[in-house]
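Per-entry structural report
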Amino acid sequence: MVGQSPGEGRAVLLQPFVHQVGGHTSMLTYDEHTICKPLVSQELSFYESLPLAMRQFTPQYKGKGSSGPLTFLKIIPTSPGTDFLHSLCVWFRAKPCVCGSALPCSKTQCVPLCALSSCPGKMLLRTDLQYHTDSLLEDANGKQAERKSYNPWGLHCHRQHLNRMSSKHNENKLHQFLLLENVVSKCSYPCILDLKMGTRQHGDDASEEKKARHIKKCEQSTSASLGVRICGMQVYQADTGHFLCRDKYFGRKLSPEGFRQTLRQFLCTGNQLRTELLEPIILRLKALLAVIRKQSSYRFYSSSLLIIYDGQEHKTHGTNPFRVDVRMIDFAHTTFKGSKSNPSSTLYDGPDHGYIFGMENLIKILQSLSEGK
């Protein structure tokens, strides 16, 4: 996929974000430190009005400049008969690379499509398709591992996204995205837990059918009993060199005890529990909880909380030697007083008690793991 920033007159090559563990929209990589997410006006409104105290707990918003949110050219549909993995990670070369590299390299002989900025975006040059396989991920059943560079859930999202774009293909259609910080860019082997927070998941704008569906999912999962459920996970297994992956369907089936055991599994990068990660994660969660308690009128319906650490153990010292992080994401259904995107939405008083309930239970479970219970 190729993008162009208004006013800059340059095209940008977008690749799938390979560490997507949850959600249903396809995330794309803009550069090493930035990802692209399809623009939703309500989420844009949230980032534009973000309280200062919450900024350290959300991805940095990069998509609003003098030229406004980034607008991209068309998505290139998958060619008939093209292997899907090839079509996911597409590079365009003006001519073969003399270095013989199987990947697009930084040498001047390798020219990605962004160099062809004069192209009108209708007849795009497809001269070479490349993809790379640099990591191992286990399947959802924890069994046979395949050599591939994509989290299985991310692959599923990209497949659906490309299929939708192919079926609705329009040469002149523009796609808008939010530009957000890649919160795992500093991790060598990102271990990511995606938690759907709160006791309610439907937004104020949900239809009666969608509302009923989301209520049922909450009632039949730990969303009701704990205020939190697992939406996705990947954990680097140092002893095998694989990533262990879980998806939202796995998370929905968990009992409270199953949720606790999966949290423990998330903190095991092999056969041993990484107990040294518990304290910094708990401290970060407590700091976020203190901020959420003060956010009157905010309701973070259907939002997620990411817990992140680097699966590669580091011997360095400092304030965060394990590269632990906690970030809130996905605000397409977040509502708050003064929202520009949906001024007629329901106004709420006080903080989001469903979200707070989930945070409190999450902290309690992690503390019990820390105490060896």
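Residues numbered from 1 in each chain as written. Predicted model: local features only at pLDDT ≥ 70, side-chain atom pairs only at ≥ 80, totals over all residues. Heavy atoms only, no water.

Per an unreviewed UniProt entry, the protein carries the name Kinase and comes from Catharus ustulatus. Comment text from UniProt for the protein, heading Sequence similarities (unreviewed entry), reads "Belongs to the inositol phosphokinase (IPK) family." (UniProt positions renumbered as here; feature names shortened; annotations may be inferred.)

All right, on to the overall build of the protein then. From N to C terminus, the protein includes nine helices and 14 strands. For the protein, the proportion of its 373 residues judged to be buried stands at 51%. Sequence-distant contacts, at least 24 apart, represent 76% of the contacts inside the protein between residues at least 6 apart. (Helix = DSSP H or I, 4+ residues; strand = E, 2+ residues; numbered from the N terminus. Buried < 20%, exposed > 50% of the residue type's maximum accessible area, 1.4 Å probe, protein only. Contact = heavy atoms within 4.5 Å.)

Once that is clear, we can look at the nonpolar core. Among the nonpolar cores identified, the biggest contains 66 residues, and Leu195, Leu267, Leu285, Leu305 and Leu366 are the most heavily contacted of them. Setting aside chain neighbours within four positions, we find leucine 366 in contact with Leu263, Leu267, Leu278, Ile281, Ile282 and Leu285. (Core = buried A, V, L, I, M, F, W, Y, C linked by side-chain atoms within 4.5 Å.)

This part takes up the layout of surface pockets. Empty space within the largest pocket amounts to approximately 980 Å³. Around the largest pocket, the lining comprises 48 residues; the ones closest to its centre are Gly23, His24, Thr25, Lys196 and Asp330. Among the elements that make up the lining of the largest pocket, the one with the highest residue count is helix 4 (residues 208–219) (four residues). Among the residues forming the lining of the largest pocket, the class breakdown is 21 nonpolar, 14 polar and 13 charged. (1 Å grid on protein atoms, 1.4 Å probe; cavity = no way out; pocket = protein on both sides within 12 Å on 5 of 7 lines; lining within 4 Å. Points joined across faces, edges and corners; volume = space filled by probe spheres on them. Nonpolar A, V, L, I, M, F, W, Y, C, P; charged D, E, K, R; others polar.)

The subject of this paragraph is the packing of aromatic side chains. With the rule as written, the count across this model stands at 15 aromatic pairs. Arranged with centres 4.1 Å apart and planes meeting at 20°, the rings of tyrosine 189 and tyrosine 236 form a pair that is stacked. Taken as a pair, tyrosine 189 in the loop between strand 9 (175–181) and strand 10 (190–197) and tyrosine 236 in strand 11 (residues 228–237) lie far apart in primary sequence, 47 residues in all. Through pairs of rings, three or more aromatic residues link up here, namely Phe46, Tyr47, Tyr61, Tyr298, Phe300, Phe331, Phe336 and Tyr355. (Phe/Tyr/Trp six-rings, centres within 6.5 Å; stacked < 30°, edge-to-face > 60°.)

Enumeration according to the criterion identifies ten salt bridges in this entry. Ionic pairing is found between aspartate 204 and arginine 200, a salt bridge with its closest N-O pair at 2.8 Å. Here aspartate 204 falls in the partly exposed class, since its relative accessible area comes to 29%. One network of salt bridges, in which partners are shared, links Glu181, Arg284, Asp325 and Arg327. (Salt bridge = Lys/Arg side-chain N within 4 Å of Asp/Glu carboxyl O.)

This prediction gives the protein a mean pLDDT of 75; 66% of its residues lie at or above 70. Ranking the helices and strands of the protein by mean pLDDT puts strand 14 (residues 325–329) first, with 98, and helix 2 (residues 84–88) last, with 36. Across residues 142–149 the pLDDT falls below 50, and counting only partners more than four positions away or on other chains, this stretch makes 23 contacts in the model. (pLDDT = per-residue confidence, 0-100.)

The next thing to look at is helix 1 (residues 41–48). Of all the eight residues making up helix 1, six are buried; the element is thus mostly covered by neighbouring parts of the structure. What helix 1 keeps buried is the set Gln42, Glu43, Leu44, Ser45, Phe46 and Tyr47.

Each pair of packed helices can be described by the angle between their axes along with the distance between the axes. The geometry of helix 7 (residues 256–266) relative to helix 9 (residues 353–370) is characterised by a closest axis approach of 10 Å and an angle of 60° between their N-to-C directions. Considered as vectors, helix 7 and helix 9 are oriented oblique to each other. Crossing angle aside, the handedness with which helix 7 passes helix 9 is right-handed. Packed against helix 7, whose contacting residues are Phe259, Arg260, Leu263 and Arg264, the element helix 9 presents Leu362, Ile365, Leu366, Ser368 and Leu369 at the interface. Among the residues forming the contact of helix 7 with helix 9, the class breakdown is six nonpolar, one polar and two charged. (Axes fitted to C-alpha atoms, helices over the stretch in contact; angles between N-to-C directions. Parallel < 35°, antiparallel > 145°, perpendicular 65-115°, else oblique. Left-handed = near helix turned anticlockwise from the far one by under 90°.)

Among the secondary structure elements, glutamate 43 is positioned in helix 1. Owing to a relative accessible area of 0%, glutamate 43 belongs among the buried residues under this scheme. Contacts of glutamate 43, omitting those with residues within four sequence positions, involve Lys37, Leu178, Asp330, Phe331 and Ala332.

What follows deals with the pairing of strand 13 (residues 304–310). Judged by how many residues are buried, strand 13 sits mostly within the fold: seven of seven residues are covered. Residue alternation in strand 13 divides its side chains into two sets, Ser304, Leu306, Ile308 and Asp310 and Leu305, Ile307 and Tyr309, and both sets are buried. The pairing of strand 10 with strand 13 spans seven bridges and is classified as antiparallel. Note on strand 13: the bridge partner recorded for lysine 196 is serine 304. Looking at chain direction, strand 13 and strand 14 are connected through five bridges and run antiparallel. Counted as the bridge partner of leucine 305 is methionine 328 from strand 14. (Pairing = 2+ DSSP bridges.)

What follows deals with the environment of threonine 222. Mapped onto the fold, threonine 222 is located in helix 5 (residues 222–225). Each C-alpha atom, one on threonine 222 and one on glycine 251, is 8.6 Å from the other, the two residues being 29 residues apart in sequence. The residues touching threonine 222, leaving out its near neighbours within four places in the chain, are Gly227, Val228, Arg229, Leu254, Ser255, Pro256 and Phe259.

Further remarks concern the side chain of serine 304. Along the chain, serine 304 falls in strand 13. On the accessibility criterion, serine 304 (1% relative accessible area) is buried. Setting aside its immediate chain neighbours within four residues, serine 304 contacts Asp194, Leu195, Lys196, Arg327, Met328, Ile329 and Asp330.

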